[in-house]
Amino acid sequence: MSDKEPAAGEEPVRIPFMQRVLDNHFLLLFLGVVVPTVLYIIWGILELVQIPVAP
Amino acid sequence: MSKTLFRTCPTTGLKIDLSAQALIKANAVAAVVFLAIGGLFGLSVALTRWPAVHLLPADWFYLALTAHGLDVLLLWIIFFEIAVLYFASAILLNSRIAAPRWAWAAFALMLTGGLVTNVAVLQGQSTVMFTSYPPMMAAQHFYLGLILFAVGALIACGVFFGTLVIARDEKTYQGSIPLVTFGALTAAIIAVFTLASGAIILIPTWLWSMGLVSNIDPLMYKLVWWAMGHSSQQINVSAHVAIWYAIAAMLFGAKPLSEKVSRGAFLLYILFLQLASAHHLLVEPGLSSEWKVFNTSYAMYLAVLGSMIHGLSVPGAMEAAQRARGFNKGIFEWLRKAPWGNPAFSGMFLSLVMFGFLGGISGVVMGTEQINIIIHNTLYVPGHFHGTVVAGTTLTFMAMTYLLIPLIFQRQVAFPKLARWQPYVFGLGVAGISLFMMGAGTLGVSRRHWDITFATAPFDFNYPPTAFLMMALNGMSAIAASIGGLMFIVIVVASVFFGKPVRDKIILAAPSGQPISGAVATYGSAGTLRIPGTLVLVGIFFVAFVLYYFVNWKYLSEIWPMR
């Protein structure tokens, strides 16, 4: 999302970076799915598949 | 496209899409029905665990335990959360709801799935408990029902995200979305991960039950299943924290102390809260300590930091609002003069305190790899999650219902004197359930065993007599909680179906002259940090937290001497 559109004759208002991140709902959705998928599921599966099969 | 119909709420001034209103009603009613069914099963479980009563035979006990977990942990809570998502998007943003037909399809899928799973459990061939670990196999339609429910809930989340897009494109709000909607967004994001994980593991398990897949690896199942099983409770946390802010705003006109900080705390939830699922696998030998410690003792603590920020911010916002209204005498006049007779406030405040002291502190203890070993797979675990999911989420949802009845159902709350007492009766019962189960678990009582006397077992084993006392007190607390639950059901049914219509503005408890929508439906902060009463309460919490944490390390050193 870009900075707020200025009214006629006004300077554009600079929106802080974190506010722009928090206003980007689909970026948050992406992060909220990818972070646990990588750190919990994929990392966990990688450890489980390395367990040797009992003879 | 059909024209969207709106009404204007005389109390809040909010523009309400009638399709969204109908969907909120349908999801909330379905939620309460499943709460009633699941609560009944829960009472029968607690009475069986009370050794002097021992109500059910073993096969019925495990059946009731399975149904209790499914009906209250999944169906009651997620139906209500979908109602919250529609409320926080379409209603608070003054927007039309996206794709109402898809929202109704989602509701139909969820309802069908919930009923099918219940039928499967009651038929007696799916007594696999909420976790349904392989190699235990349930009937095919048990898994199918869960999959239908998950797909329906995912579609409902899609409707929520679509409504956010519509509201932004049609400029129904200015700047950023309000904090309550941001909390609901957090819940929806966690729900997407949760439900997708559920589908990923339940679809192959369903195929396995049909004989199309030869084997489901139990450890792989546990890993992925808990991404659903525990994260579904993190949807609850996000949703009920959002509702705490909503109730504070609607009753006091309270704004968060700092909207930026509170949104940052929700961001910690989005990034780290789901990783707490790992604490269910802390004693699994196949996973490394690095995986366990990172996911629990590092990432989970960042999510706990988020909860502690909310634990300061919500009462702090109420204190700031009360002080602005002139309740400045001493440290606690703002709290003494709070509307304790209003069930929306008392339910919310009780849940805030109990969630922190019972569910929160015990959750951190359970999430620590070393001290988890003391209580792993004991009754401490359900004691903890009754502190989070029942004292925290369910009591909060009950409190919110007392506002939804006049604002969305447009009915007066029936039996107001009964309603005044209901949160206290239910809260007292739930606090007892949580405390006494944790007490029994600390004494080693097994989490899932039908009979703690082991009367029919080939070997003798005796728990200490205090454990029996704990189980009796747990049974009595369950009776109190069931009475509170029954009071809630009676009030809701009487209000919704037979209550007097609300046509004019109603008085909640907000400061006169300030529109409620100004606090709950806009972005902004209280702009003060003069909250001495809240700081004292937070100090008490920290002392309790530190003491309890170290008591558990001391306990570990006694049962596991290092010589």
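Residues numbered from 1 in each chain as written. Chains lettered and ligands numbered in written order. Predicted model: local features only at pLDDT ≥ 70, side-chain atom pairs only at ≥ 80, totals over all residues. Heavy atoms only, no water.

**Focus: empty space enclosed by the protein**
Residue and element names in this part refer to chain B.
So, point 1. Under the defined criterion, the tally for this structure stands at six cavities of 30 Å³ or more.
So, point 2. Looking at the largest cavity, its volume works out to about 100 Å³.
So, point 3. Going through the elements one at a time, helix H5 (179-209), helix H7 (231-252), helix H9 (289-324) and helix H16 (516-520) are the ones with two or more residues in the lining of the largest cavity.
So, point 4. When its residues are assigned to classes, the lining of the largest cavity shows 12 nonpolar, three polar and two charged. (1 Å grid on protein atoms, 1.4 Å probe; cavity = no way out; pocket = protein on both sides within 12 Å on 5 of 7 lines; lining within 4 Å. Points joined across faces, edges and corners; volume = space filled by probe spheres on them. Helix = DSSP H or I, 4+ residues; strand = E, 2+ residues; numbered from the N terminus. Nonpolar A, V, L, I, M, F, W, Y, C, P; charged D, E, K, R; others polar.)

**Some details on the interface of chain A and chain B**
Interface size is commonly expressed as the accessible surface area that is lost when the partners come together.
So, point 1. Taken residue by residue, the interface counts 26 residues in chain A and 37 residues in chain B.
So, point 2. Among the residues of chain A in contact with chain B, His25(A), Tyr40(A) and Leu48(A) are the three that bury the most area, contributing 27% of the side total.
So, point 3. Seen at the junction of chain A and chain B, the total is one salt bridge.
So, point 4. We note a salt bridge from Asp23(A) to Arg263(B), for which the minimum N-O separation is 3.1 Å. (Contact = heavy atoms within 4.5 Å. Buried area = accessible area lost by both parts, 1.4 Å probe. Salt bridge = Lys/Arg side-chain N within 4 Å of Asp/Glu carboxyl O.)

**Here's the deal with the packing of aromatic side chains**
All names here are of chain B.
So, point 1. Under the criterion given, the structure shown has 34 aromatic pairs over all chains.
So, point 2. Consider the rings of Phe130 and Trp225, whose centres lie 5.3 Å apart with planes at 80°: the pair is edge-to-face. You can see Phe130 sitting in the loop between helix H3 (100-122) and helix H4 (140-169) and its partner Trp225 sitting in helix H6 (residues 218-229), a full 95 residues away along the chain. With respect to class, Phe130 is no different from Trp225; both count as buried.
So, point 3. A centroid spacing of 5.7 Å and a plane angle of 70° characterise the contact between Phe541 and Phe545, whose relative ring orientation is edge-to-face. Of this pair, Phe541 and Phe545 both sit in helix H17 (residues 532-559), four residues apart, which is roughly one turn of that helix. (Phe/Tyr/Trp six-rings, centres within 6.5 Å; stacked < 30°, edge-to-face > 60°. Buried < 20%, exposed > 50% of the residue type's maximum accessible area, 1.4 Å probe, protein only.)

**Some points on unusual backbone geometry**
Residues and elements named next belong to chain B.
So, point 1. Pro135 follows Pro134 through a cis peptide bond whose omega is 15°.
So, point 2. Among the structural elements, Pro135 can be located in the loop between H3 and H4.
So, point 3. With phi around 55°, Asn94 is a residue other than glycine that occupies positive phi space.
So, point 4. Following the sequence through the fold, Asn94 ends up in the loop between helix H2 (58-91) and H3.
So, point 5. According to the relative accessible area criterion, Asn94 is partly exposed, its value standing at 22%.
So, point 6. Backbone geometry at Ala99 places phi at a positive 45°, although glycine is not the residue there.
So, point 7. On the secondary structure map, Ala99 appears in the loop between H2 and H3.

**Thoughts on helix H8 (residues 259-272) of chain B**
So, point 1. The end-to-end C-alpha distance of H8(B) is 20 Å, a good match for the 20 Å that 14 residues give at a rise of 1.5 Å each.
So, point 2. Counting buried positions along H8(B) yields 11 of 14 residues, so the element is predominantly enclosed.
So, point 3. Taken together, the buried positions of H8(B) are Glu259(B), Ser262(B), Arg263(B), Ala265(B), Phe266(B), Leu267(B), Leu268(B), Tyr269(B), Ile270(B), Leu271(B) and Phe272(B).
So, point 4. For H8(B), the secondary structure elements touched by its buried residues are helix H1 (17-23) and helix H2 (25-49) of chain A together with H5, H7 and H9 of chain B. (Expected span 1.5 Å × (residues − 1).)

**Quick word on the side chain of Gln233(B)**
Residues and elements named next belong to chain B.
So, point 1. Note that Gln233 resides in helix H7.
So, point 2. A relative accessible area of 10% places Gln233 in the buried class.
So, point 3. When sequence neighbours within four positions are dropped, the list of residues in contact with Gln233 reads Leu73 and Val389.

**A word on the packing of H2(B) against H3(B)**
Residues and elements named next belong to chain B.
So, point 1. Where H2 meets H3, the closest approach of the two axes is 10 Å, and the angle between their N-to-C directions is 170°. Taken together, the axis directions place H2 and H3 in an arrangement best described as roughly antiparallel. Here H2 contributes Leu63, Thr66, Ala67, Leu70, Asp71, Leu75, Ile78, Phe79, Ile82 and Tyr86 to the contact with H3, which in turn contributes Ala103, Phe107, Met110, Leu111, Gly114, Thr117, Asn118, Val121 and Leu122.
So, point 2. Across the contact of H2 with H3, the residue classes break down as 14 nonpolar, four polar and one charged. (Axes fitted to C-alpha atoms, helices over the stretch in contact; angles between N-to-C directions. Parallel < 35°, antiparallel > 145°, perpendicular 65-115°, else oblique.)

**Concerning the packing of helix H11 (residues 343-366) of chain B against helix H14 (residues 416-442) of chain B**
Residue and element names in this part refer to chain B.
So, point 1. Orientation of H11 relative to H14, taken along the N-to-C sense of each, is 10°, at an axis distance of 9 Å. Accordingly, the angle class assigned to the pair H11 and H14 is roughly parallel. Each of Pro343, Ser346, Gly347, Leu350, Met354, Leu358 and Ser362 in H11 lies in contact with H14, whose residues at this interface are Ala419, Pro423, Tyr424, Gly427, Ala431, Ser434, Leu435 and Met438.

**As for the domain arrangement of chain B**
Residues and elements named next belong to chain B.
So, point 1. According to the domain assignment, chain B consists of domain 1 (16-177), domain 2 (182-338) and domain 3 (343-504 + 528-563).
So, point 2. Once you take the C-alpha centre of each, domain 1 and domain 3 turn out to be 21 Å apart.
So, point 3. Taken together, the contacts link 32 residues of domain 1 with 33 residues of domain 3.
So, point 4. Carbon and sulfur atoms supply 77% of the area that domain 1 and domain 3 bury against each other, a total of about 2800 Å² over both sides.
So, point 5. Together, Arg49, Trp50 and Phe80 form the three largest contributors to the area buried by domain 1 at its contact with domain 3, with a combined 22%.
So, point 6. At the junction of domain 1 and domain 3, the tally comes to six residue pairs in polar contact (both at pLDDT 80 or more).
So, point 7. Counting only elements with at least two residues in the side of domain 1 that touches domain 3, the list comes to helix H1 (18-49) and H2.
So, point 8. Considering each element in turn, the side of domain 1 that touches domain 3 owes the most residues, 13 residues, to H1.
So, point 9. Grouping the constituent residues of the side of domain 1 that touches domain 3 by class yields 24 nonpolar, five polar and three charged. (Domains from an automatic or database assignment. Polar contact = N/O pair within 3.5 Å; in protein donor to acceptor, adjacent residues only side chain to side chain.)

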